[in-house]
Amino acid sequence: MDAELTLQEADMEGSWTLLSWMASCLMVFGGSLPYVPQYQEIQRRSSSEGFSTVVCLVLLIANILRVFFWIGKQFELTLLLQSVVMIITMFTMLHLCCNVQNTNRVSTKQHRLSDFDFHNFWKWSAFEDYLIFCFGFTILCAVITFLLLDYALFVEALGSLAVMFEAMLGLPQLIQNFNNCSTKGMSLKDFSVLSADSST
C-alpha cells in the first residue's frame with residue numbers, strides 16, 4: 001500500500017514538473033511569438049511598411065534594462081531568458097526590415113548612425129547601426145549599473161524603467177498607423193496577440 005502511494009506521488013510530482021517546464025517554455029518564447037506572423041507578412045510582401053521599427057527600439061531598451069535589473073535583483077531565470085529571446089527577436093525583425101528597405105530603396109541616400117541626424121534616428125539604412133547603438137546603450141547601462149549596484153533605489157528604478165518602456169509598447173505602432181492612416185502591412189495576428197498581451 002505504501003509503495004503504491006509513493007508511486008502515485010512520484011507520478012504526480014513528475015506531472016507537475018512537466019507542466020512547470022512547459023509553462024516556463026511558454027513564458028520564454030511566448031512574448032516573441034506574435035512577431036512570427038509579422039515577420040512572415042514582411043517577407044511575403046517584401047515591404048516593412050505598416051510595421052513600426054520603433055516597437056523594436058522600445059522592446060530592446062526594456063529588455064536590456066530588465067537584464068541589468070536582474071543583475072541587481074535576481075528574479076526568476078525564466079524571465080531573464082524571456083528578455084534574451086526578445087532581444088534576439090527584435091534584432092531579427094530589424095535585420096529583415098533593413099534588408100527589405102534596402103532592396104526596395106529608390107534613393108541612393110543612406111541614413112547612418114554616424115550622421116548624428118536626430119530626424120533620422122532609428123531610421124537607419126544599415127543593420128550594423130542598430131547593433132552599434134544597442135551595444136553603446138548596453139555598455140552605458142553596464143557602467144552605470146556597476147557603479148550604482150549597491151543602491152537599492154537605483155536597482156528598483158532600473159526595474160521600473162524596464163516596465164515603463166514595455167508598457168509603452170503599443171504607442172509606436174499606434175503612431176505609425178495614425179500617420180499612415182492605415183494598418184496595411186501590420187499582421188492582424190500580431191495586433192490581436194499584442195492587444196491581448198497588453199490587456200493582461
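As a reminder, the structure under discussion sits directly above these lines.
Residues numbered from 1 in each chain as written. Predicted model: local features only at pLDDT ≥ 70, side-chain atom pairs only at ≥ 80, totals over all residues. Heavy atoms only, no water.

Participant: Can you break down a nonpolar patch on the surface residue by residue, with the values?
Facilitator: Residues Phe135, Ile139, Leu140, Val143, Ile144, Leu147, Leu148 and Tyr151 make up a contiguous nonpolar surface patch of about 800 Å² in total accessible area. Looking at where Phe135 falls in the secondary structure, it is placed in helix H5 (residues 127-148). (Patch = residues over 30% accessible without salt bridge, like charges linked within 9 Å, V, L, I, M, F, W, Y side chains within 5 Å. Areas by Shrake-Rupley, 256 points an atom, 1.4 Å probe, with all protein chains shown as cover. Salt bridge = Lys/Arg side-chain N within 4 Å of Asp/Glu carboxyl O. Helix = DSSP H or I, 4+ residues; strand = E, 2+ residues; numbered from the N terminus.)

Participant: If you had to explain the environment of Met168 to someone new, which residues and values would you point to?
Facilitator: Turning to its location among the elements, Met168 is positioned in the loop between helix H6 (152-167) and helix H7 (170-180). In this structure Met168 comes out as partly exposed when scored by relative accessible area, which is 33%. Between the C-alpha atom of Met168 and that of Val58, which follows or precedes it by 110 residues, the distance is 7.4 Å. (Buried < 20%, exposed > 50% of the residue type's maximum accessible area, 1.4 Å probe, protein only.)

Participant: Kindly report on the pattern of salt bridges, identifying the contributing residues and their values.
Facilitator: It is possible for side chains bearing opposite charge to pair when their charged atoms get close. In this structure the tally under the stated criterion is four salt bridges. Between Arg44 and Glu41 there is a salt bridge, with its nearest N and O atoms 3.0 Å apart. Note that Arg44 and Glu41 are positioned in helix H2 (residues 35-45) at a spacing of three residues, about one turn of the helix. For Arg66, the salt bridge is made with Glu166, and the minimal N-O distance between the two is 2.9 Å. With Arg66 in helix H3 (residues 54-72) and Glu166 in helix H6, this pair connects stretches of sequence that are 100 residues apart. Looking at Arg66, the relative accessible area reads 13%, which means it is buried.

Participant: Explain the side chain of Ser48 residue by residue, including any values.
Facilitator: As for its position among the elements, Ser48 is in the loop between H2 and H3. Beyond its immediate chain neighbours, meaning those up to four positions away, Ser48 contacts Ile42, Cys97, Val100 and Gln101. (Contact = heavy atoms within 4.5 Å.)

Participant: Now, about the state of the cysteines: what can you tell me, with residues and values included?
Facilitator: Scanning all chains against the criterion turns up zero disulfides. No disulfide involves Cys56; its sulfur sits 6.1 Å from that of Cys97, the nearest cysteine. (Disulfide = S-S within 2.5 Å.)

Participant: Describe the nonpolar core, with residues and values.
Facilitator: Ranked by size, the top nonpolar core spans 37 residues in total, and within it Tyr35, Leu60, Met90, Leu94 and Trp122 carry the most contacts. Where this core is concerned, the elements lending two or more residues are H2, H3, helix H4 (77-104), H5 and H6. (Core = buried A, V, L, I, M, F, W, Y, C linked by side-chain atoms within 4.5 Å.)

Participant: How would you explain the layout of surface pockets if you had to name every residue and give the values?
Facilitator: By volume, the largest pocket is sized at about 650 Å³. Lining of the largest pocket is provided by 27 residues; of these, Thr53, Gln101, Trp122, Lys123 and Gln176 occupy positions nearest its centre. The set of elements that each furnish at least two residues to the lining of the largest pocket consists of H3, H4 and H7. Per element, the largest residue contribution to the lining of the largest pocket is six residues, and it comes from H7. For the lining of the largest pocket, the class distribution of residues is twelve nonpolar, twelve polar and three charged. (1 Å grid on protein atoms, 1.4 Å probe; cavity = no way out; pocket = protein on both sides within 12 Å on 5 of 7 lines; lining within 4 Å. Points joined across faces, edges and corners; volume = space filled by probe spheres on them. Nonpolar A, V, L, I, M, F, W, Y, C, P; charged D, E, K, R; others polar.)

Participant: Before we move on, can you summarise the packing of H3 against H5 with the specific residues and values?
Facilitator: Relative orientation of the contacting elements H3 and H5 amounts to 30°, with a least axis distance of 10 Å. As summarised for this structure, H3 and H5 are arranged roughly parallel, according to the angle between their axes. Pair H3 / H5 crosses with right-handed handedness. Residues Leu57, Leu60, Ile61, Ile64, Leu65, Phe68 and Ile71 of H3 pack against Phe133, Cys134, Phe137, Thr138, Cys141, Ala142, Thr145 and Phe146 of H5. Looking at the contact of H3 with H5 residue by residue, the classes come out as 13 nonpolar, two polar and no charged. (Axes fitted to C-alpha atoms, helices over the stretch in contact; angles between N-to-C directions. Parallel < 35°, antiparallel > 145°, perpendicular 65-115°, else oblique. Left-handed = near helix turned anticlockwise from the far one by under 90°.)

Participant: If you had to explain H6 to someone new, which residues and values would you point to?
Facilitator: With 16 residues, H6 ought to run about 22 Å at 1.5 Å a step, and its terminal C-alpha atoms sit 23 Å apart, in line with that. Listed in full, the buried residues belonging to H6 are Phe154, Val155, Leu158, Gly159 and Ala162. Seen from one end, H6 has its buried residues packed into an arc of 140°, which puts them on one side. The outward face of H6, more than 90 degrees from its buried face, is lined by the exposed residues Ala152, Leu153, Val163 and Ala167. (Expected span 1.5 Å × (residues − 1). Arc of directions from axis to C-beta.)

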